[in-house]
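# Summary of structural features
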Amino acid sequence: MTDHDQEAAAPFGTRPSQAGDTVLEARGVTKHFPVRRTAREVLGRRRRAVRAVDDISLCLRRGSVTALVGESGSGKSTVARLLSQLHPLTQGEIRLLGVPVTAGRGRSFRAYVRQVQLIFQDPFASLNPVHTVRYHLTRSLRIHGKQATDAEVFQLLERVQLIPPNEYVDKFPHELSGGQRQRVAIARALGADPKVLLADEPVSMLDVSIRLGVLNLLRDLKTRLSLAILYVTHDIASARYFADTTLVMYAGRLVEGGDSETVTQRPAHPYTQLLIASAPDPDRIADPGEQEETGSGEPPSLISPPRGCRFHPRCPKAMERCRTELPPRFEIGDDGQWAACWLYEDRPVTTRIPGAAPSAGASAPGVAGTMTEATAS
Ligand code: SF4
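To keep things clear, this report deals only with the structure shown in the data block. (Residues numbered from 1 in each chain as written. Predicted model: local features only at pLDDT ≥ 70, side-chain atom pairs only at ≥ 80, totals over all residues. Heavy atoms only, no water.)

### Remarks on the side chain of Thr262
Structurally, the position occupied by Thr262 is in helix H12 (residues 260–265). If near-sequence neighbours (up to four positions away) are discounted, Thr262 is found in contact with Pro267, Asp335 and Gln337. (Helix = DSSP H or I, 4+ residues; strand = E, 2+ residues; numbered from the N terminus. Contact = heavy atoms within 4.5 Å.)

### Brief notes about the pattern of salt bridges
Following the criterion strictly, the structure yields 16 salt bridges and no others. Across the pair Glu71 and Arg314 runs a salt bridge, and its minimum N-O distance is 2.8 Å. With Glu71 in the loop between strand S3 (64–69) and helix H4 (76–83) and Arg314 in the loop between helix H14 (290–294) and strand S11 (330–332), the pair connects residues that are 243 residues apart, well separated along the chain. Overall, the relative accessible area of 8% leaves Arg314 in the buried class. For the salt bridge of Arg95 with Glu93, the shortest nitrogen-to-oxygen distance reads 2.7 Å. The structure contains a network of salt bridges with shared partners spanning Arg51, Asp54 and Arg310. (Salt bridge = Lys/Arg side-chain N within 4 Å of Asp/Glu carboxyl O. Buried < 20%, exposed > 50% of the residue type's maximum accessible area, 1.4 Å probe, protein only.)

### What about H4?
Of all eight residues making up H4, six are buried, and the element is well covered by its neighbours. All of the buried residues along H4 are Lys76, Thr78, Val79, Ala80, Leu82 and Leu83. One or two positions beyond H4, positive phi appears at Gln85, with a value near 65°.

### Looking at the environment of Ala318
With respect to the helices and strands, the residue Ala318 is situated in the loop between H14 and S11. Residue classification places Ala318 among the partly exposed positions, given a relative accessible area of 25%. For the pair Ala318 and Cys341, spaced 23 residues apart in sequence, the C-alpha to C-alpha distance is 9.6 Å. Setting aside its immediate chain neighbours within four residues, Ala318 contacts His312 and Arg323.

### Some remarks on the side chain of Ser260
Residue position: Ser260 is located in helix H12. Within polar-contact distance, the side chain of Ser260 engages the backbone nitrogen of Thr245 at 3.3 Å. Sequence-distant contacts of Ser260, defined by excluding residues within four places in its chain, comprise Ala239, Arg240, Ala243, Asp244, Thr245 and Thr246. (Polar contact = N/O pair within 3.5 Å; in protein donor to acceptor, adjacent residues only side chain to side chain.)

### As for the packing of aromatic side chains
The full count for this structure, using the stated rule, is five aromatic pairs. Aromatic side chains Tyr231 and Phe242 sit 4.8 Å apart centroid to centroid with 90° between the ring planes, which places their arrangement in the edge-to-face category. Pair noted here: Tyr231 is in strand S8 (residues 228–233) and Phe242 is in helix H11 (residues 236–242), with a separation of 11 residues, a long-range link. When the centroid spacing of 5.8 Å and the interplanar angle of 55° are considered together, the rings of Phe330 and Trp342 count as tilted. Of this pair, Phe330 sits in strand S11 while Trp342 sits in the segment after strand S12 (337–339); the two residues are 12 residues apart in sequence, bridging distant segments of the chain. Using a relative accessible area of 1% as the deciding quantity, one classes Phe330 as buried. Feature note: the residues Tyr250, Tyr271 and Phe311 constitute an aromatic cluster, connected by ring pairs. Across from the ring centre of Trp342, 3.7 Å away, lies the NZ or CZ of Arg321, which sits over that ring. Residue placement shows Arg329 over the ring face of Trp338; its charged tip is 4.0 Å from the ring centre. (Phe/Tyr/Trp six-rings, centres within 6.5 Å; stacked < 30°, edge-to-face > 60°. Lys NZ or Arg CZ within 6 Å of the ring centre and 35° of its normal.)

### Some thoughts on unusual backbone geometry
Peptide bonds are trans in most cases, and residues, glycine excluded, mostly fall at negative phi. A cis amide bond, omega -5°, links Ile163 with the succeeding residue Pro164. When you line up the elements, Pro164 lands in the loop between helix H8 (150–159) and helix H9 (178–190). One non-glycine residue, Gln85, adopts positive backbone phi at about 65°. Looking at the element boundaries, Gln85 is found in the loop between H4 and strand S4 (91–96). By relative accessible area, which is 9% here, Gln85 ends up buried. For Asp193, which is not a glycine, the phi torsion comes out positive at approximately 55°.

### Focus on the pairing of strand S9 (residues 245–250)
Most of S9 is tucked away, with six of its six residues classed as buried. Across the two faces of S9 the burial is the same, with Thr245, Leu247 and Met249 and Thr246, Val248 and Tyr250 all buried. Across four bridges, the pairing between S3 and S9 is parallel. For Thr66, the partnering residue across the bridge sits in S9 and is Thr245. Inspection of the sheet shows S9 paired to strand S10 (residues 253–259) by six bridges, in the antiparallel sense. By the bridge assignment, Thr245 is partnered in S10 with Asp259. Taking the residues between adjacent antiparallel strands as the criterion, S9 and S10 are bridged by two residues, where Ala251 takes a positive phi near 50°. (Pairing = 2+ DSSP bridges.)

### Things to note about the sheet that holds strand S6 (residues 116–119)
Overall, mixed pairing links the eight strands, which are arranged S6-S7-S8-S3-S9-S10-S12-S11 in an open sheet. Since the sheet does not close on itself, it has two edges, and those belong to S6 and S11, each with one partner. Sheet twist, expressed as the mean angle between neighbouring strand axes with direction ignored, is 20°. In this fold helix H10 (residues 208–225) packs onto S3, strand S7 (196–200) and S8, with an angle of close to 155° to the strand it touches most, S8. (Axes fitted to C-alpha atoms, helices over the stretch in contact; angles between N-to-C directions.)

Just distances and angles here, no functional claims.
The following block contains the structure:
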């Protein structure tokens, strides 16, 4: 691919240098899970689906962490599973190093997971309790066609800072702490020598005191191994600490993105403001009017999500058009921050993907297509 071709293919908001750094990309990824039909629905020929993920586009870059933040049920873990090819897509495309991929099963799936590894939330459930650390790491190395010598196994343990390795290699999962188990799970993922780590709430089941150590480890691996990391979390405060870029997801859709510092310090979307207001902060004294200012209530049903902006039933700033028209993404300032919210309609978008189709809700003038680069900075 020539430089010119690369630039033309770069997602909206991507600087040419960043486009070359893109390892994994989702374009308009959508996942609807069919719901089992009742007898009445069978007779009426109605089909329902859980619209878990709708029109998600993002890029994961080499040597960079992208946080995907949202509350339970927002679809963020489904995005990680779609990127790891555990579910087929309903619509959209996933590209690895610029090449569209549809990993089926068998050899093509193994070739894909060699490059894109998923780390699960619960390190105890993801390790087999009847096998030792040595077994888990040896197996990972063998499956991915690597030499499974003691030296290789010890090197993996050293990479995740389980030192000295001979103290851990013959232990069973129940003999390790939660943090150590998660480190073994990370070491097992590294056995594939991947380019991408998809970390689905990797610290949420760990004691608060050891979360920081695991996040620091992942950050260190990002730098040393130039990994592209997706960090799925409900904790926007940790995203600020750990991630270079933050994307906020609500009810199956991305609603805001930008560099982590900007999104967490100057949140633009009312939902991001709600998330930050709900995050524990010892320096902040609870304001009795806060609920009213930032919104409250429950996330909507994804079987029949609200029309227009999905956040409008909870949004204290909702306007009439929010109830009927889906807001596209609007750029905010010139540092790459964007929000899918009608409040920013008068801020024109200045860049777009050459030839990209407009977004589902992109009816307003000056609105770009949906292919916004996740990092957009
Ligand atoms: Fe609130 Fe309307 Fe913005 Fe949605 S589009 S977040 S309802 S102001």
